[in-house]
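# A structural walkthrough
Residue strings, one per chain:
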Amino acid sequence: MKHLILTGMCVCLSQSVAAATEASLPTEVAREAASWRSAHRLIDLHQHIDMTPEHLARAVRIMDRAGIGIAVNLGTGTVTRPAEGGPSEFERNKALADQLYPGRILHYMLIDYTGWDQPDWSERAVKQIEEGHRLGAAGLKEFKRLGLYLKDGAGQLIRVDDPKLDPVWRRCGELGMPVSIHVADPKAFWAPYDESNERWAELRDHKSWWFGDPSKFPPWKDLLGALDRVIERHPETTFVCVHFANNAEELDWVDAALSRRPNMMADLAARIPEIGRHDPDAVRRVFLKHQDRILFGTDFMVYDRLILGSSGNEPPPTDDDAAVFFEKHWRWLETRDRDWKHMTPIQGDWTISSIGLPASVLRKIYFDNARKLLARSLPTPVVRARHIATDFIPTADLGQDAWQGADPVWIDRATQDGGALAGLSTTVRMLWSDRYLYVGYECPYTELTVFDPPMKEGKRYNMDQKGVSLWDRDVVETFINADPDDVRHYAEFQAAPTNERLDLMLRLPDRDFAWKSGFESAVTVDSTAKIWRCVMRIPLSAWGDVSPRAGDRWRLNLFRCDYAHNVFMAWNPTLNGSFHTPERFGVLEFVE
């Protein structure tokens, strides 16, 4: 029971623990990545879905096939309500997606630029950000309209770094809302508008994408420079610079920009065909160097037709084409294949070469970086406890047949900020019978920190003295709320690698250490494999007359303390210094 976690204590593990070596075999990487897709753990930070039932159904169907668990819809709408009343576009679209496919799509809001020339526009825009935050917007999306399309009342282009936008960027940072921002476009869109242009196939079908007229549009690099000034002015705001930092053509420029601006990130959306033209070893070095700042995104779009990164007037892609589109992303990131046809032919007639990242870096790009970035907004996680007909004595043998049908979840994030702790990723499975709830933990470790000798009778705790309670050493913890009427009323169960146990009942701020649930536990420590395992068996009678049935949902969170690395881990991070944040509990669902 970690009551207080000091800021900065949830540190990343050392490279020796958190990162796989670059010598990982491709087959091992592919196997690991396939398991993430099978569990739908991947997050696509850059999609565009038309919010209709038909388009949502098609998008989720393709996501399921590709192994994408969560998509971020960049631009669900503005929060401006119509003059005649009723919900805003953002509210309508988010409500539909949440109703039809809860937990599958996160939503970024858009800014309404109406009344730009009025003196109070900045103040009203900040109120839009605050309203979007209240409504559940995960972030703000800004399209490439700044500097290229949007104009003020005098007909002048609104600059990317216009000071009137500073209060907007600042408020996003204060509210923890990342900004996904698109400025400029491929360098070729400033080249001559004729067949000599290497992106002619794309520009021919999209004349409005050509910016080569200097009397109408600023130079390409001026837009990138303006964005850099914005990022520099707002160090507390995270800017996800889409399309590989808006400059996939210049690998050294991207490397320097990420090195110079710690609040800058880059997504991959629709730019692998361009990034893949560079020397693959040079690209790989940049990805390894900035592995905590690169995010998986595709620019996959579902409207009346699919758009796979980009499109023109060619025949519409099929769902099978979309599957190939995603598979080519995996091929580029996971293998070392050379000179193969990329996923979006209209973006250029050339081949690309893969960069074969190690699994530890892949999982950061596929989902860990996004989970930290979006920790405030991620959907409430669910663990499903499978019903069993026959009880068993806990032995910490998670290879028993009873466990094989139980879906895993993972404790692998710092509870303070949602940062990944992949090297200590702890697998948890749950079962239930008519009499008991079973919780099985598998905990990788490098060194155990325990009380020696363990206390064989009684409970080890002292709320008035630091360092002497069971939670002041390595433990796993299960918090369970079976009371739908009181979120602050829940039970806590702890077990240490020595099988020392502690249970208590809480109705915050009160804690009842005299309460006895009768729970049992079994622990084994595999010092060769460096894994300790624990199985808890908790009598359902501990909750009195409360008896779950299939379909019931209780509240739950799962934690682990590992003192060798001074990390405090959660299934659903509390995002503060205490495990005891019941508002951040996930869901325990009882299933047949």
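Treat the numbers as computed from the prediction; the structure is a model and nothing was measured.

Glancing now at the overall build of the protein chain. Tallying secondary structure elements over the protein chain gives 14 helices and 26 strands in all. The C-alpha atoms of the protein chain give a radius of gyration of 26 Å, which matches the 25 Å a tight globule of 592 residues would have. Taken over the C-alpha atoms alone, the protein chain extends approximately 85 × 55 × 45 Å along its principal axes. A total of 592 residues make up the protein chain; the buried ones form 58% of that total. In the protein chain, once contacts between residues fewer than 6 apart in sequence are set aside, the share between residues at least 24 apart is 70%. On the protein chain, roughly 24200 Å² of surface is accessible, and the fraction owed to carbon and sulfur atoms is 50%. Once the 72 positive and 86 negative side-chain charges of the protein chain are each reduced to a mean point, those two points are 1 Å apart.

Mapped onto the fold, H107 is located in strand β3 (residues 105-109). Take H107: its relative accessible area is 1%, and that puts it in the buried class. Linking H107 and S377, residues 270 residues apart in sequence, is a C-alpha distance of 9.2 Å. Apart from residues no more than four positions distant in its own chain, H107 is found in contact with M51, N73, T76, F90, N93, K94, A97, D98, G136, A137, A138 and G139.

Here the protein chain averages 94 in pLDDT, while 96% of its residues score no lower than 70. In this model residues 1-25 is a low-confidence stretch, pLDDT under 50, and it forms 63 contacts with partners more than four residues away in sequence or in other chains.

Further remarks concern the sheet that holds strand β6 (residues 239-241). In space, the ten strands of this open sheet follow the order β8-β7-β6-β5-β4-β3-β2-β1-β9-β10, with mixed pairing throughout. The outermost strands of the open sheet, each flanked by one partner alone, are β8 (294-295) and β10 (306-308).

This part takes up the side chain of E334. Positionally, E334 belongs in helix α13 (residues 319-334). Judged by its relative accessible area of 9%, E334 is buried. Among the polar contacts listed, one links the side chain of E334 to the side chain of R37, at a separation of 2.7 Å. Not counting residues within four places of it along the chain, the set of residues in contact with E334 comprises V29, A30, A33, R37, G356, L362 and Y366.

So, about the pattern of salt bridges. For the coordinates displayed, the defined rule picks out 50 salt bridges. The salt bridge partner of K94 is D98, with a shortest N-O separation of 2.7 Å. Separated by four residues within a single helix, K94 and D98 lie in helix α4 (residues 89-100), roughly one turn from each other. The class for K94 is buried, based on a relative accessible area of 18%.

Another point: the packing of helix α5 (residues 121-135) against helix α6 (residues 166-174). Helix-helix packing is characterised by the crossing angle of the two axes and by the distance between the axes. Viewed as axis vectors pointing N to C, α5 and α6 meet at an angle of 25°, and their least axial separation amounts to 8 Å. Comparing the axis directions of α5 and α6 gives the class roughly parallel. Like other packed secondary-structure pairs, α5 and α6 cross with a definite hand, here right-handed. Residues W121, S122, A125, V126, I129 and E130 of α5 lie in contact with α6, whose contacting residues are P167, V168, R171 and C172.

All right, on to the layout of surface pockets then. A volume near 1200 Å³ is recorded for the largest pocket. Lining the largest pocket we find 38 residues, and of these I70, P379, T380, P381 and V382 sit closest to its centre. Among the secondary structure elements, those contributing two or more residues to the lining of the largest pocket are β1 (42-49), β2 (68-77), α4, β3, α5, α14 (359-373), β13 (382-387) and β14 (409-411). In terms of residue class, the lining of the largest pocket is built from 18 nonpolar, nine polar and eleven charged. Elements with a contribution of two residues or more to the lining of the second largest pocket: α6 and α14.

The next thing to look at is empty space enclosed by the protein. Tallying each qualifying case throughout the model produces two cavities of 30 Å³ or more. When its volume is computed, the largest cavity comes out at roughly 50 Å³. Lining of the largest cavity is provided by P186, R199, E249, A270, R271, P273, E274, Q347 and W350. Split into classes, the residues belonging to the lining of the largest cavity amount to four nonpolar, one polar and four charged. What the second largest cavity holds in volume is close to 40 Å³. As for the second largest cavity, its lining consists of L224, L227, D228, I231, C241, W253, A257 and M264. Listed by contribution, the elements that provide at least two residues to the lining of the second largest cavity are α8 (220-233) and α10 (251-260). The element best represented in the lining of the second largest cavity is α8, accounting for four residues. Class assignment for the residues of the lining of the second largest cavity results in seven nonpolar, no polar and one charged.

Analysis parameters
Residues numbered from 1 in each chain as written. Predicted model: local features only at pLDDT ≥ 70, side-chain atom pairs only at ≥ 80, totals over all residues. Heavy atoms only, no water. Helix = DSSP H or I, 4+ residues; strand = E, 2+ residues; numbered from the N terminus. Rg over C-alpha atoms; globule rule 2.2 N^0.38 Å. Buried < 20%, exposed > 50% of the residue type's maximum accessible area, 1.4 Å probe, protein only. Contact = heavy atoms within 4.5 Å. Areas by Shrake-Rupley, 256 points an atom, 1.4 Å probe, with all protein chains shown as cover. Lys, Arg positive; Asp, Glu negative; His and termini not counted. Charge placed at Lys NZ, Arg CZ, Asp CG, Glu CD. pLDDT = per-residue confidence, 0-100. Pairing = 2+ DSSP bridges. Polar contact = N/O pair within 3.5 Å; in protein donor to acceptor, adjacent residues only side chain to side chain. Salt bridge = Lys/Arg side-chain N within 4 Å of Asp/Glu carboxyl O. Axes fitted to C-alpha atoms, helices over the stretch in contact; angles between N-to-C directions. Parallel < 35°, antiparallel > 145°, perpendicular 65-115°, else oblique. Left-handed = near helix turned anticlockwise from the far one by under 90°. 1 Å grid on protein atoms, 1.4 Å probe; cavity = no way out; pocket = protein on both sides within 12 Å on 5 of 7 lines; lining within 4 Å. Points joined across faces, edges and corners; volume = space filled by probe spheres on them. Nonpolar A, V, L, I, M, F, W, Y, C, P; charged D, E, K, R; others polar.

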